[in-house]
Amino acid sequence: MKLYLSSFAQELKVAVCALALLSVGTVAASAENPVKNGNITPVPDSVFNSLAATPPMGWNSWNKFGCNVSAKLLMKMADVMVSSGMKDAGYQYIVVDDCWQIARDENGNIVADPERFPDGMKAVVDYVHSKGLKFGLYSCAGSLTCAGRPASRGYQFQDALMYAKWGVDYLKYDWCNDEGQNAQAAYKTMSDALKASGRPIVFSLCEWGSNNPWEWGKGIGHLWRTTGDIRAYYNVQLDWGGLGVVNIIDKEAGLYSFAGPGHWNDPDMLEVGNTGLNYDECVSHFSMWCILAAPLMAGNDLEFMSKETKEVLTNKEVIAVDQDKDGIQGRRFLDFGDQEIWAKPLSDGEIAVCFMNRGENVWNLDYTWTRETIYFAPKINFKTTTYTVRDLWKHQNIGTTKDAVKAAIPAHGVLMVRLSPNK
Ligand code: GLA
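Now for a look at the structure at hand. Treat the numbers as computed from the prediction; the structure is a model and nothing was measured.

Next up on the list: the overall build of the protein. A count of helical and extended segments in the protein gives twelve helices and 20 strands. Computed over C-alpha atoms, the radius of gyration of the protein comes to 23 Å, within 12% of the 22 Å expected from 2.2 N^0.38 for 423 residues, which places it in the range of a compact globule. Structurally, the protein occupies a C-alpha span of about 85 × 45 × 40 Å along its principal axes. In the protein, which comprises 423 residues, the proportion classed as buried is 54%. Intrachain contacts of the protein at a sequence separation of at least 6 include 69% that bridge at least 24 residues. Approximately 17,800 Å² of the protein is accessible, and the part contributed by carbon and sulfur atoms is 51%. Considering the protein, the positive charge centre built from 40 side chains and the negative charge centre built from 48 side chains are found 4 Å apart.

Let us now look at the pattern of salt bridges. Counting across every chain of the model gives 20 salt bridges. Across the salt bridge formed by aspartate 268 and arginine 225, the nearest N and O atoms sit 3.3 Å from each other. Residue aspartate 268 is located in the loop between strand E11 (264-266) and helix H10 (279-291), and its partner arginine 225 is located in strand E10 (residues 223-225); the two are separated by 43 residues in the primary sequence. Take aspartate 268 and arginine 225: they sit in the same class, and that class is buried.

The six strands lie next to each other as E13-E14-E15-E20-E17-E18, forming an open sheet whose pairing is antiparallel. Strand pairing shows two members of the sheet lacking a second neighbour, strand E13 (331-335) and strand E18 (396-400), which therefore form its edges. Put simply, the sheet's adjacent strands are angled 25° from each other on average, direction ignored. Sheet topology note: the E13/strand E14 (residues 339-345) ladder contains four bridges and is antiparallel. Following the sheet pairing, arginine 332 is matched in E14 by tryptophan 342. Sheet strands touched by H10: E14, strand E15 (351-357) and strand E20 (414-421). Its angle to E20, the strand with the most contacts, is close to 35°.

In this section: the pairing of E15. A large share of E15 lies buried, amounting to seven of its seven residues. The two faces of E15 match: Ile351, Val353, Phe355 and Asn357 on one face and Ala352, Cys354 and Met356 on the other face are all buried. The sheet contact formed by E14 and E15 spans seven bridges and is antiparallel. Residue pairing across strands places proline 345 opposite isoleucine 351, the latter belonging to E15.

If you check helix H4 (residues 71-83), its first and last C-alpha atoms are 18 Å apart, about what 13 residues at 1.5 Å a residue would give, namely 18 Å. Among all positions in H4, only Ala71, Leu73, Leu74, Met77, Ala78, Val80 and Met81 are buried. Residues of H4 that are buried in the fold lie against strand E3 (57-60), helix H3 (62-65), helix H5 (86-89), strand E4 (93-96), helix H6 (120-130) and strand E7 (134-140). Residue glycine 85 follows H4 closely and has a positive phi angle near 95°.

Turning our attention to the sheet that holds strand E9 (residues 202-205). Spatial ordering of the open sheet is given by E11-E10-E9-E8-E7-E4-E3-E12, a layout of eight strands whose pairing is parallel. A strand with exactly one partner marks an edge of an open sheet, and here the two such strands are E11 and strand E12 (296-298). On average, each strand axis in the sheet is inclined to that of its neighbour by 25°, with strand direction left out of account. One ladder, built from three bridges, connects E3 with E4; its direction is parallel. From the neighbouring strand, tryptophan 59 faces E4, where its bridge partner is isoleucine 94.

Contact pair helix H9 (residues 245-252) / H10: the axes reach a minimum separation of 10 Å and the direction vectors enclose 15°. Considering their axes alone, H9 and H10 lie roughly parallel with respect to each other. In this structure, H9 crosses over H10, and the sense of that crossing is left-handed. Here H9 contributes Val245, Ile248 and Ile249 to the contact with H10, which in turn contributes His285, Met288 and Trp289. The class makeup of the residues in the contact of H9 with H10 is five nonpolar, one polar and no charged.

Near the ligand you find 13 residues, and of these Asp97, Asp98, Lys172, Asp174 and Asp229 are the closest. The separation between an oxygen atom of the ligand and a polar side-chain atom of tryptophan 208 is 3.1 Å. Arginine 225 is positioned with one of its side-chain polar atoms (N or O) 3.2 Å from an oxygen atom of the ligand. About the coverage of the ligand: the protein hides 92% of its 310 Å² of free accessible area. For the shell around the ligand, the class distribution of residues is seven nonpolar, no polar and six charged.

A few words on the state of the cysteines. Enumeration over the complete set of coordinates arrives at two disulfides. Paired by a disulfide, cysteine 67 and cysteine 99 hold their sulfur atoms 1.8 Å apart. Of the two residues, cysteine 67 is situated in the loop between H3 and H4 and cysteine 99 in the loop between E4 and strand E5 (101-104); the sequence distance between them amounts to 32 residues. For cysteine 67, a relative accessible area of 32% gives the class partly exposed. Here cysteine 146 engages in a disulfide with cysteine 176; their sulfurs sit 2.0 Å apart.

Each value, and the rule that gives it
- Residues numbered from 1 in each chain as written.
- Predicted model: local features only at pLDDT ≥ 70, side-chain atom pairs only at ≥ 80, totals over all residues.
- Heavy atoms only, no water.
- Helix = DSSP H or I, 4+ residues; strand = E, 2+ residues; numbered from the N terminus.
- Rg over C-alpha atoms; globule rule 2.2 N^0.38 Å.
- Buried < 20%, exposed > 50% of the residue type's maximum accessible area, 1.4 Å probe, protein only.
- Contact = heavy atoms within 4.5 Å.
- Areas by Shrake-Rupley, 256 points an atom, 1.4 Å probe, with all protein chains shown as cover.
- Lys, Arg positive; Asp, Glu negative; His and termini not counted.
- Charge placed at Lys NZ, Arg CZ, Asp CG, Glu CD.
- Salt bridge = Lys/Arg side-chain N within 4 Å of Asp/Glu carboxyl O.
- Pairing = 2+ DSSP bridges.
- Axes fitted to C-alpha atoms, helices over the stretch in contact; angles between N-to-C directions.
- Expected span 1.5 Å × (residues − 1).
- Parallel < 35°, antiparallel > 145°, perpendicular 65-115°, else oblique.
- Left-handed = near helix turned anticlockwise from the far one by under 90°.
- Nonpolar A, V, L, I, M, F, W, Y, C, P; charged D, E, K, R; others polar.
- Near = heavy atom within 4 Å.
- Polar contact = N/O pair within 3.5 Å; in protein donor to acceptor, adjacent residues only side chain to side chain.
- Disulfide = S-S within 2.5 Å.

Here it is in structure tokens:
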């Protein structure tokens, strides 16, 4: 009897779910292209896999605002992303992180906090779209998010349909309260659900690198966190796993072979402009994220950012290194302890080089280009080709590779240059 009842209950559950899915699917029919006559055309792998040809760029609420999110905040950030020049510099996504969700309704549909999102999530998404931007939101593979809100376990397909109905373009999917699930299977389920929703949605795996997502994430999602959460410090390792800028860089250094167009290592969102990093540290943080071909998700209050913060976040020459179409993650080329030289091969025979001073004293750099071959950049040859050296923060050419490069690099600062072959 017990068995019968439980299988009946199962069937009932399936039927209710199917009904719920059908009703969401029908509503979605009128909203977006790929959904026709109530039948959803799944997103083909060819489309899904081409969604993040270069590392995604946008803004996410978590680093600055935590749970203090609202429609008002997101709409304001969308406005400022346009007026500050960030959209023009390439930022696209406005992403609401944890705490937008408050409950599930009687059909199991996820519900946005009505006090903070009085007109529902779709109204915010529409507003963000009206600014020529894209919209992202957050959920989690467990039953509850990291902040204890309802998450997607058991509701993956239903949630994905709802996101599609709202017009969501990007999902960040966390790993709290994982309840012993297999990570790859859990992320694959959500990936399948997103594809089945009919809407192309960028999928950001936020699994903190615990189960080596770089080994299986390609094809499931477009980016995967490689570490615990970033903190706005240059160098820190907190007991619970929080990490500073250089601590993350060190963890990311060996993962270069896993990144490429459509699939990126994610060293976490930016702390540029947040209290805890000085100007030189912000420049280093941003430069190195670009050398690492990292997703660039600003994490500060865009409305009240200083002129310096804006200049860092919108430095188009540095962003061009991040967004280079070859999508090669840069590598540490020389390591002198506190002083490191990193290089990122670019398309068309160019290369970006970043001299990074991790030390507490000025680095009086005097570096002869012909001294070493950049062993992982076979197209670069300092003996047969002369390159123009451009300082990407001063926006000036500072010589050629025939001469030594000299600079006083401040403590925790960088010199970042782009080398272009003289024709
Ligand atoms: C985890 C993630 C963070 C953020 C919070 C939200 O810690 O790694 O990026 O999304 O959860 O609760």
